[in-house]
Amino acid sequence: MSQTIPTTPETRREPGTRKPPGPRSLSPLSSASALQRDPIRFALDIWHRYGDVVRFRFLFWPAYVLYHPDHVKRVLQENHRNYNKNFPNMKAARELFGNGLFTSDGESWLRQRRLMQPSFHHKRLTGFGRLMTETTAAMLERWQRTAPGDTPLDISVEMTRLTLRIAGLALFSLDLSNEADMVGRTFTTLGPLISKYATLPFPPLWVPTPRNRRLLAGLNTLNTVVYAIIEERRKQPVDTNTPDLLWMLLSARDEETGEGMSDQQLRDEVLTLLLAGHETTAAALAWTWYLLSQHPEVERRLHAELDTVLAGQLPTVEHLDALPYTRMVIQEAMRLYPPAFGFTRFATASDEIGGYPIPANSVMFLSAYCTHRHPAFWEEPEVFDPERFTPERSAGRPRFAYFPFGGGPRQCIGNAFAMMEAQLVLATVAQRYSLRLVPGHPVEPQVLLTMRPRSGLPMTLHPR
Ligand code: HEM
């Protein structure tokens, strides 16, 4: 890949215009369909061709892609009030998940965020550490029974099963990996449909196509089960010994009004957390296993750290601070393969970014995948090198050169949960096994709701 990316927009300013450069085309559909077809290629191509601020036409709107950390910061943090989520793909997600934290905006988002934030505080999450390790250990026992010798397992699917199970247990103490479980089964079959609909909401849900009928039927099932769980919980006293997230959300009260959440709000948040809380972490873990399998020297260092610190014990939350390399391996995997490839915002009023005027009603695209490879901030950006994240080497790097969890007020609420989970899962599995990719299997990223390996990740298990 070419590393000659102009970093000063001025160098690429088109003479006589205050518009940033970008692909010009007669059809308003051409850039949108290129973006839809292969977002990674599109984002890289226009970056290499036009520089750090690129403008094109996205259907009816002017669209801007921003690659420089300072410009990402402007949208997500400095002037975040100007950039909301009122865009067609978010409206589609709202049809499915209602007004949950991920899809809502403005006052209703702020109220919910304030209500939910304390439940995601680092201290309250430590109670889930044991559940994470034990669920992973149970997966290893199943692997031992079902995948002996050279039988490959699709590690992308395995990580999704695992993180869905952990999310179900942490959220409402239910085992969603159970074949008989309605929520787990529906979520598993609905996942790909939801991804496709949220990226391309056409035909709209009210058109009775086979896909839409399946989506609506699945959502009905989820609604029925989730409302039943909420109703049941409302009748019970809070279990303060092992409070799951649903207990925490049920007992959350608005500081000013003293009000809690309605059943519908709880349903929206439960479905949002289930989806946002497992696909992303599963993707981060899948890419981590892939990268480790390609970099034996990194794997050796990881094993050395695990063997020294854990000495054969199962990892706990207390070990995490003593496992910095394990953490850096995950951070570096999310740099190269951020589960959230990119984000979209809508400018409500005009702004100025990188010296360019941004008109109101513009669509803003941010690509973590590209910014994480920005050669002005990352040396040899394509190289997998976990030690980039040592404090010494991180010093001086702008905050928004790396944003797998977003940033500003809408930063991922599950950030601490996800990092704790990824570290514990990686430590538990890597202590026992090396995972090797089936030789010759093609691995390339595909962007749906999250960025996953397009053709799965068949790997064999090698006991250590
Ligand atoms: C490696 C795992 C994860 C990654 C990479 C990730 C990434 C992100 C990103 C990039 C955003 C911001 C999107 C935007 O600004 O448009 C976000 C928001 C969110 N994430 Fe995560 N996430 C992960 C895990 C989780 C987990 C475990 C949960 C819940 C248990 C969760 C729940 C949410 C919610 C509710 C939001 C919306 C927050 C708001 O707008 O206030 N995520 N996530």
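All values derive from a computational prediction rather than experimental measurement.

### Focus on the overall build of the protein
Okay, so step 1: Across its full length, the protein holds 18 helices and 12 strands.
Okay, so step 2: In terms of C-alpha radius of gyration, the protein reaches 22 Å, essentially the compact-globule figure of 23 Å for 464 residues.
Okay, so step 3: The buried share among the 464 residues of the protein stands at 40%.

### Description of the site of the ligand
Okay, so step 1: If you check the shell around the ligand, you find 22 residues, and the closest are G277, T280, G406, C412 and G414.
Okay, so step 2: Taken together, the residues that form the shell around the ligand break down as 14 nonpolar, 6 polar and 2 charged.

### What about the sheet that holds strand β9 (residues 433-437)?
Okay, so step 1: Here we have 3 strands laid out as an open sheet, ordered β4-β12-β9, and antiparallel in their pairing. This sheet does not close on itself; its edge strands, each paired only once, are β4 (153-154) and β9.
Okay, so step 2: Looking at chain direction, β9 and strand β12 (residues 458-463) are connected through 5 bridges and run antiparallel. Counted as the bridge partner of R436 is T460 from β12.

### Things to note about the sheet that holds strand β5 (residues 342-347)
Okay, so step 1: Pairing within the open sheet is mixed, and its 5 strands lie in the order β1-β2-β8-β5-β3. Sheet topology places β1 (53-58) and β3 (83-84) at the edges, where each strand pairs with a single neighbour.
Okay, so step 2: Sheet topology places strand β2 (residues 61-66) next to strand β8 (residues 363-367); 4 bridges connect them, and they run parallel. Residue Y64 lies in a different strand from β8, and its bridge partner there is M364.

### With respect to the nonpolar core
Okay, so step 1: Core analysis: the largest hydrophobic core is formed by 112 residues, its most contacted members being L66, L171, L285, A286, W289, M364 and L426.
Okay, so step 2: Apart from residues no more than four positions distant in its own chain, L285 is found in contact with M159, A422, V425 and L426.

### Here's the deal with the environment of L169
Okay, so step 1: One can find L169 in helix α8 (residues 155-172).
Okay, so step 2: Along the primary structure L169 and W109 are separated by 60 residues, whereas in three dimensions their C-alpha atoms are 25 Å apart.
Okay, so step 3: With near-sequence residues (within four places) excluded, L169 lies in contact with L131, T135, L174 and D175.

### Quick look at the packing of helix α7 (residues 129-146) against α8
Okay, so step 1: In contact at an axis separation of 10 Å, α7 and α8 are set at 140° when each is read in the N-to-C sense. Taken together, α7 and α8 sit at an angle that is classed as oblique. Here α7 runs over α8; the crossing is right-handed. Side by side, α7 and α8 meet where L131, M132, T135, T136 and M139 of the first sit next to L162, R165, I166, L169 and A170 of the second.
Okay, so step 2: Tallied by class, the residues present in the contact of α7 with α8 amount to 7 nonpolar, 2 polar and 1 charged.

### A closer look at the confidence of the model for the protein
Okay, so step 1: Taken as a whole, the protein shows an average pLDDT of 89; of its residues, 94% reach a score of 70 or greater.
Okay, so step 2: Every residue in residues 6-11 scores below 50 in pLDDT, and together they form 16 contacts with partners more than four places removed in sequence or on other chains.

### Some thoughts on the environment of T151
Okay, so step 1: In this fold, T151 is placed in the loop between α7 and β4.
Okay, so step 2: When the C-alpha positions of T151 and T460 are compared, they lie 6.2 Å apart, and in sequence the two are 309 residues distant.

### Structural notes on unusual backbone geometry
Okay, so step 1: Notably, L59 is not glycine yet its phi reads approximately 50°, a positive angle.
Okay, so step 2: Its place among the elements puts L59 in the loop between β1 and β2.
Okay, so step 3: The exposure class assigned to L59 is exposed, which follows from the 12 C-beta atoms found within 10 Å.
Okay, so step 4: If you check the backbone angles, E380 has positive phi at about 40° while not being a glycine.
Okay, so step 5: Note on placement: E380 falls in the loop between α16 (368-371) and α17 (391-394).

### Details of helix α13 (residues 279-294)
Okay, so step 1: Taking 1.5 Å per residue as the helical rise, α13 with its 16 residues ought to reach 22 Å, and the 23 Å between its terminal C-alpha atoms agrees with that figure.
Okay, so step 2: A large share of α13 lies buried, amounting to 13 of its 16 residues.

Conventions adopted
Residues numbered from 1 in each chain as written. Predicted model: local features only at pLDDT ≥ 70, side-chain atom pairs only at ≥ 80, totals over all residues. Helix = DSSP H or I, 4+ residues; strand = E, 2+ residues; numbered from the N terminus. Rg over C-alpha atoms; globule rule 2.2 N^0.38 Å. Buried ≥ 20, exposed ≤ 12 C-beta atoms within 10 Å, placed from the backbone. Near = placed C-beta within 6 Å. Nonpolar A, V, L, I, M, F, W, Y, C, P; charged D, E, K, R; others polar. Pairing = 2+ DSSP bridges. Core = buried A, V, L, I, M, F, W, Y, C linked by C-beta atoms within 7 Å. Contact = placed C-beta atoms within 7 Å. Axes fitted to C-alpha atoms, helices over the stretch in contact; angles between N-to-C directions. Parallel < 35°, antiparallel > 145°, perpendicular 65-115°, else oblique. Left-handed = near helix turned anticlockwise from the far one by under 90°. pLDDT = per-residue confidence, 0-100. Expected span 1.5 Å × (residues − 1).

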